Amino acid sequence: MNESKISVRYAKALFLLGKEKNVLDTLVGDMKLVGELCSTVKDFWLMVESPVVKTSQKRKAVKLVLADKLDAISLNFIDMVFENRREIFIKDMVRNFFDLCRKDKGIVSAKLTTAGLVDGDDKTKLSEMLKKAFNSQIELEEVLDKDIIGGFILRVDDQELDVSVSNQLNQIKRALI
């Protein structure tokens, strides 16, 4: 099965269960913790993706670490993921879960990549313009990338506006060749 299908199905199942039981906000907090644990604690992630560590040992370790920090539904979900040997997809499951939650609340995710910091007024104006254009709440993430030299790259869902200097230089280069 395609790995994206796996992560989407598990995320959707958790999302629908959270909506049904009316504990979606609790699950969001729990999945944020799980996502941070997988991303920031390298030893934990090494254990998760290790083919040498037995599944039963992984399940025990996860229960030991997360038992008092997660809701029972979240803990059962994580245990089921490990039991079905899908733990390598946890990061994608968490990401897809958050995408479903944003979509449910009508929040559009936007990513602004610039070479330098954007001041608060410009960021607020951009958020307001995007809010009007997409007729929904905007969750704006700012990323710094010196390689774009200047300008910006704005990605909203699957749409991208690239007006970076590096992109324009590449276009000139292609035109000359």
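The rules behind each value
- Residues numbered from 1 in each chain as written.
- Predicted model: local features only at pLDDT ≥ 70, side-chain atom pairs only at ≥ 80, totals over all residues.
- Heavy atoms only, no water.
- Phe/Tyr/Trp six-rings, centres within 6.5 Å; stacked < 30°, edge-to-face > 60°.
- Helix = DSSP H or I, 4+ residues; strand = E, 2+ residues; numbered from the N terminus.
- Buried < 20%, exposed > 50% of the residue type's maximum accessible area, 1.4 Å probe, protein only.
- Contact = heavy atoms within 4.5 Å.
- Pairing = 2+ DSSP bridges.
- Axes fitted to C-alpha atoms, helices over the stretch in contact; angles between N-to-C directions.
- Right-handed = clockwise from strand over helix to strand, strands pointing away.
- Salt bridge = Lys/Arg side-chain N within 4 Å of Asp/Glu carboxyl O.
- Expected span 1.5 Å × (residues − 1).
- Arc of directions from axis to C-beta.
- Polar contact = N/O pair within 3.5 Å; in protein donor to acceptor, adjacent residues only side chain to side chain.
- Parallel < 35°, antiparallel > 145°, perpendicular 65-115°, else oblique.
- Left-handed = near helix turned anticlockwise from the far one by under 90°.
- Nonpolar A, V, L, I, M, F, W, Y, C, P; charged D, E, K, R; others polar.

**Some points on the packing of aromatic side chains**
Phase 1 of the analysis: Tallied over the full model, the rule gives two aromatic pairs.
Phase 2 of the analysis: Their ring planes at 65 degrees and their centres at 6.3 Å tell us that Tyr10 and Phe77 sit as a pair that is edge-to-face. With Tyr10 in helix 1 (residues 3-21) and Phe77 in helix 5 (residues 72-83), this pair connects stretches of sequence that are 67 residues apart.
Phase 3 of the analysis: A relative accessible area of 8% means that Phe77 is categorised as buried.

**What about the side chain of Ser136?**
Phase 1 of the analysis: Mapped onto the elements, Ser136 comes out in the loop between helix 7 (120-134) and strand 2 (137-144).
Phase 2 of the analysis: Beyond its immediate stretch of four places on either side in the chain, Ser136 contacts Gly106, Val108 and Lys131.

**Remarks on the sheet that holds strand 3 (residues 152-156)**
Phase 1 of the analysis: Read from one edge to the other, the open sheet built from four strands follows the order 2-1-3-4, with strand pairing classed as mixed. Edge positions in the sheet fall to strand 2 and strand 4 (159-162), since each of these pairs with one other strand and no more. Ignoring which end each strand starts from, the neighbouring axes of this sheet average 15 degrees apart.
Phase 2 of the analysis: As paired elements, strand 1 (residues 107-114) and strand 3 share five bridges and run antiparallel to each other. Paired with Lys111 across the two strands is Arg155, which belongs to strand 3.

**Looking at the pairing of strand 2**
Phase 1 of the analysis: Pairing of strand 1 with strand 2 involves eight bridges; the strand directions are parallel. Looking across to strand 2, one finds that Lys111 is bridged to Glu141.
Phase 2 of the analysis: For the segment spanning strand 1, helix 7 and strand 2, crossover handedness is right-handed.

**Overview of the pattern of salt bridges**
Phase 1 of the analysis: Throughout the structure, instances matching the rule amount to 12 salt bridges.
Phase 2 of the analysis: Close ionic contact of Glu83 with Arg59 constitutes a salt bridge, the shortest N to O distance being 3.9 Å. Note that Glu83 is positioned in helix 5 and Arg59 in helix 4 (residues 55-66), a separation of 24 residues in sequence.
Phase 3 of the analysis: The shortest N-O distance in the salt bridge between Lys123 and Glu142 comes to 2.8 Å. You can see Lys123 sitting in helix 7 and its partner Glu142 sitting in strand 2, a full 19 residues away along the chain.
Phase 4 of the analysis: Glu142 sits in the partly exposed class, given a relative accessible area of 27%.
Phase 5 of the analysis: Among the charged side chains, a network of salt bridges with common partners joins Arg59, Lys63, Asp79 and Glu83.

**Remarks on helix 2 (residues 24-40)**
Phase 1 of the analysis: Its 17 residues give helix 2 an end-to-end C-alpha distance of 24 Å, which sits within 8% of 24 Å, the value for a rise of 1.5 Å per residue.
Phase 2 of the analysis: Among the residues of helix 2, those classed as buried are Leu24, Leu27, Asp30, Met31, Val34, Gly35, Leu37 and Cys38. An end-on view of helix 2 places all buried positions within 160 degrees of arc, on one side of the element. Residues of helix 2 that are exposed and point more than 90 degrees away from the buried face comprise Asp25, Ser39 and Thr40.

**A word on the environment of Ser50**
Phase 1 of the analysis: Looking at the element boundaries, Ser50 is found in the loop between helix 3 (42-49) and helix 4.
Phase 2 of the analysis: Sequence separation between Ser50 and Lys19 is 31 residues; the distance between their C-alpha atoms is 33 Å.
Phase 3 of the analysis: A distance of 3.2 Å separates the side chain of Ser50 from the backbone nitrogen of Val52, its partner in a polar contact.

**Examining the packing of helix 2 against helix 5**
Phase 1 of the analysis: Between helix 2 and helix 5, the shortest axis-to-axis distance is 9 Å and the interhelical angle comes to 45 degrees. With respect to each other, helix 2 and helix 5 are oriented oblique. Here helix 2 and helix 5 pass one another in a crossing that is right-handed. Contacts between helix 2 and helix 5 involve Leu27, Asp30, Met31 and Val34 on the former and, on the latter, Ile73, Ser74, Phe77 and Ile78.
Phase 2 of the analysis: Taken together, the residues of the contact of helix 2 with helix 5 break down into six nonpolar, one polar and one charged.

Function-wise, these values are silent; they only describe arrangement.
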